[in-house]
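Okay, here's what each chain looks like letter by letter:
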Amino acid sequence: AQKITQTQPGMFVQEKEAVTLDCTYDTSDPSYGLFWYKQPSSGEMIFLIYQGSYDQQNATEGRYSLNFQKARKSANLVISASQLGDSAMYFCAMSPSGNQFYFGTGTSLTVIP
Amino acid sequence: KAGVTQTPRYLIKTRGQQVTLSCSPISGHRSVSWYQQTPGQGLQFLFEYFSETQRNKGNFPGRFSGRQFSNSRSEMNVSTLELGDSALYLCASSISGTKNEKLFFGSGTQLSVL
């Protein structure tokens, strides 16, 4: 069975500080992709970052980095230098086979001025 | 390049009615998938289409159906609406729908069933 777990329903971070959003996953597929999406109040899911299961290095995209620990089955998102516009829901997702994504329950991030 | 376009943005229906939602993928994208998002169940996969063929289907009743046209545009239909069908329906597209390919999402259709 495929499962994504996000244990932080809500997080607060001070503007300009870094924050880590947790994500653990479970799959028996040897090859899979891990994704993070941001969903602002408008509803659209915005792609942030991708990590392949065979990638040796952690992925980075601007202020976003993914702390991938394969043995622990975790794929935490790190946002550096938080901005007010980062306030949104964040979803971790996995694509183990085909084009079906499995999503976590999300973490609501609030950036405090 | 235009993003994924979903219409309508909001819909209000009553129980027993049926509804059709539309999705236009990014130009050049041939895979379209649909997701239902509710506060209780989160994001759940409905189905995925590629070249007018349904390749994958989630665990939803047969009241939920879809189709894809030759121009890759897709429609989703829900018949005999139930209160529990109230949700945000998100459409996503990708180039070919291969494994590990990122999805591009539309803004969704917010369906309310009264």
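Just so you know, these numbers come straight off a predicted model, no measurement behind them.

Caption draft 1: Examining the overall build of chain B more closely. Secondary structure summary: chain B contains zero helices and 11 strands in total. Ordered by position in the sequence, the α and β elements of chain B form the string β-β-β-β-β-β-β-β-β-β-β. Here the C-alpha radius of gyration of chain B, 13 Å, is about what a compact globule of 114 residues would show, namely 13 Å. Dimensions along the principal axes, computed over C-alpha positions, put chain B at roughly 35 × 25 × 25 Å. Out of the 114 residues in chain B, the part that is buried amounts to 50%. Partitioning the contacts of chain B with sequence separation of at least 6, the portion at a separation of at least 24 is 55%. Carbon and sulfur atoms make up 49% of the accessible area of chain B, which amounts to about 5300 Å² in all. Averaging the positions of the 12 positive and the 6 negative side-chain charges in chain B gives two centres separated by 3 Å.

Caption draft 2: A look at the interface of chain B and chain A. Of the residues lining the interface, 21 residues belong to chain B; the matching set on chain A comes to 22 residues. Carbon and sulfur atoms make up 50% of the area that chain B and chain A hide from each other, which totals about 1700 Å². When residues of chain B are sorted by the area they lose upon contact with chain A, Lys99, Asn100 and Phe105 of chain B head the list and together hold 34% of the total. At the surface where chain B touches chain A, the tally comes to zero salt bridges. Every element with two or more residues in the side of chain B that touches chain A is listed here: β4 (31–38), β5 (42–50) and β9 (87–94) of chain B.

Scoring rules and cut-offs
Residues numbered from 1 in each chain as written. Chains lettered and ligands numbered in written order. Predicted model: local features only at pLDDT ≥ 70, side-chain atom pairs only at ≥ 80, totals over all residues. Heavy atoms only, no water. Helix = DSSP H or I, 4+ residues; strand = E, 2+ residues; numbered from the N terminus. Rg over C-alpha atoms; globule rule 2.2 N^0.38 Å. Buried < 20%, exposed > 50% of the residue type's maximum accessible area, 1.4 Å probe, protein only. Contact = heavy atoms within 4.5 Å. Areas by Shrake-Rupley, 256 points an atom, 1.4 Å probe, with all protein chains shown as cover. Lys, Arg positive; Asp, Glu negative; His and termini not counted. Charge placed at Lys NZ, Arg CZ, Asp CG, Glu CD. Buried area = accessible area lost by both parts, 1.4 Å probe. Salt bridge = Lys/Arg side-chain N within 4 Å of Asp/Glu carboxyl O.

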